[in-house]
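# Observations on chain architecture
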Amino acid sequence: MGIKFRLTLMSFFQFFIWGAWLITIANYWFETKQWGGAEFGAIFSTLGLASIFMPALTGIIADRWMNAEKLYGILHILGGIVLAYLPQVNDSTTFFWVMFLAMVFYMPTISLSNSIAYNILKNSAYDVVKVFPPIRVWGTVGFIAAMWMTNLSDNKASANQFYIAAVAAIALGIYSFTLPKCPPQRLTKKDDSLMESLGLDAFKLFADYKMALFFIFSMFLGGALQLTNMYGDVYLSDFGKIPEYSDSFVVRYSTIIMSISQISETLFILAIPFFLKRFGIKMVMLFSMLVWVLRFGFFAYGDPQEGLWMIIVSCIVYGLAFDFFNISGSLFVETTTDSKIRSSAQGLFMMMTNGFGAILGSFISGYVIATYFTAADGTKDWQHVWLSFAGYALVVSIAFALLFKHKHNPKEVENIMH
């Protein structure tokens, strides 16, 4: 097998593991286990908690002491074992801790998979900028394939989704030991402080008003992303409780409908260079925030019959909402930070979105839905849930437009994109 194909397989299964359960776990939680909404919010916070410290720690281990591909393999095998244990858990508190352990093993593998791919491609004399994106796109295809498998095998509310993920994780872990060696690069120096090694020296960027605002808004947008992952599939499945919709395509294949979001993501990536050059980073990030309002607003008024187009449009605009902030935000960090702390600043951007943002979005949404939008019998008022999320995104958008000042320099964007 060629190197590119082998890395494509790694990318495919890296995100297949996640796609097998991330979008459908709410169905298992609410329908099969019938546990509460506030506790469910805590489950999604495990992604954020693990994202705050594990990628940095494993980065140091791979940088100083251990081959990256071996560390990657060990993490996936351990994560797979923990995922396989999840279905044995019968109370929500234990489930939280077991899921947290699974995420401690899984979340750092996302950045490790990028490092391994970059390392192997460079050693094989490939142009990373040209060759890596088509490899990474197969990660999104893997995520979609897992969603479809979980749905079409009728497992979106069953424990089997965790077994599917566990088998894929252990198989990927074993496979990774066959990859070309990625020895420690020792990029961090022995006399670096712990703060520098963990990338926490980038926190001094908070002393800059514009950067501080950017990171705070990154956290708010990270919260919005969790809302859609947590509740999208269970919202569509809940239409099954209404007799006229119970046998509709949307209810039976809710996960496949949700996968339109990921398909859209792969397409909108291609539009980013045009929008960035034309409108600038601030406007592109603002577009993203306003599109989150549409994402939630269309969900609020959609239904499986006359309103089906709204559900589909909501899934299509998700691609723009997700890509435009994540990629343009990453480019903003690249163009405005000192080269010495650029990697740490990128880590901080990820920490604010996938770490603190995920925790904020998970806990607060879980509490709000359980307290204000859930009836005594467990029925949720989905229309008002989505409208409250849309209101949240609108407030964030207006605040960003008013407070965040950034002058568009087309040359700056052009230089960084080539």
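Check the entry above for the structure.
Notes on the structure in this doc start here.

## Quick notes on unusual backbone geometry
Within the chain, Gln34 stands out as a residue other than glycine whose phi angle is a positive 55 degrees. Relative to the helices and strands, Gln34 resides in the loop between helix H2 (25-33) and helix H3 (37-64). A residue is classified by how much of its surface remains accessible, and Gln34, at 63% relative accessible area, is exposed. With a phi close to 60 degrees, Ala125 is a non-glycine residue in the positive phi region. One can find Ala125 in the loop between helix H5 (92-123) and helix H6 (128-152).

## Observations regarding the nonpolar core
Ranked by internal contacts, the top residues of the largest apolar core, which has 130 residues, are Trp18, Trp21, Phe95, Met99 and Phe214. Sorting elements by how many residues they give to this core places H5 first, with 17 residues. Setting aside chain neighbours within four positions, we find Trp18 in contact with Leu47, Tyr106, Met107, Ile110 and Phe143.

## So, the packing of aromatic side chains
Taken as a whole, this structure holds 52 aromatic pairs when the rule is applied. Summarising the aromatic geometry, the rings of Tyr28 and Phe162 are spaced 5.2 Å apart at their centres and angled 80 degrees between planes, so their arrangement reads as edge-to-face. With a gap of 134 residues between them, Tyr28 in helix H2 and Phe162 in helix H7 (residues 160-176) connect regions that are remote in the sequence. For the pair Tyr28 and Phe162, one class covers both residues: buried.

## Topic: a nonpolar patch on the surface
A surface patch of nonpolar side chains, about 590 Å² in accessible area, is lined by Tyr209, Leu290, Leu394, Ile398, Leu402 and Leu403. No other element matches the 4 residues that helix H16 (residues 382-403) contributes to the nonpolar patch. For Leu403, a relative accessible area of 39% gives the class partly exposed.

## A short note on the pattern of salt bridges
Enumeration over the complete set of coordinates arrives at 2 salt bridges. Salt-bridge contacts for Lys241 lead to Asp238; the nearest nitrogen and oxygen are separated by 3.3 Å. Residue Lys241 is classed as exposed on the basis of its relative accessible area of 56%. Take Asp238: its relative accessible area is 13%, and that puts it in the buried class. Arg252 serves as the salt-bridge partner of Asp247, at 3.6 Å between the closest nitrogen and oxygen.

## Focus: H16
Compared with the 32 Å implied by 1.5 Å per residue over 22 residues, the 32 Å span of H16 between its first and last C-alpha is a close match. Inspection of H16 places Trp382, Val385, Trp386, Phe389, Ala390, Ala393, Val396, Ser397 and Phe400 among the buried residues, and these make up the whole buried set. Down the axis of H16, the sector holding all buried residues measures 130 degrees, keeping them to one side. Exposed and oriented more than 90 degrees from the buried face of H16 are Val395 and Leu402.

About the cut-offs
In every chain, residue numbers begin from 1 and rise along the written sequence. Only residues with pLDDT of 70 or above have their local features reported here, since the model is predicted, and side-chain atom pairs are shown and tallied only from 80 upward, although totals for entire chains, interfaces and linings are computed over all residues. To get the side-chain values, take all heavy atoms of the structure and skip hydrogens and water. Here a helix means four or more residues in a row that DSSP labels H or I, a strand means two or more in a row labelled E, and each is numbered from the N terminus. Residue burial is assigned from relative accessible area. The probe radius is 1.4 Å, only protein chains are included, and a residue is buried under 20% of its type maximum, exposed over 50%, and partly exposed in between. Take the buried residues of types Ala, Val, Leu, Ile, Met, Phe, Trp, Tyr and Cys, join any two whose side-chain atoms come within 4.5 Å, and each joined set is a nonpolar core. Here, residues are in contact when the closest pair of their heavy atoms is within 4.5 Å. We call Phe, Tyr and Trp rings a pair once their centres come within 6.5 Å, taking the six-membered ring for Trp, and we label the pair stacked below 30 degrees between planes, edge-to-face above 60, and tilted otherwise. Nonpolar side chains (Val, Leu, Ile, Met, Phe, Trp, Tyr) are joined into patches within 5 Å and like charges within 9 Å, using only residues with over 30% relative accessible area and no salt bridge. Note on areas: Shrake-Rupley with a 1.4 Å probe; residue coverage comes only from the protein chains shown. For salt bridges, the criterion is a side-chain nitrogen of Lys or Arg within 4 Å of an Asp or Glu carboxyl oxygen. Each helix should span, by expectation, one fewer than its residue count multiplied by 1.5 Å. To obtain the arc, one takes the directions from the helix axis to the C-beta atoms.

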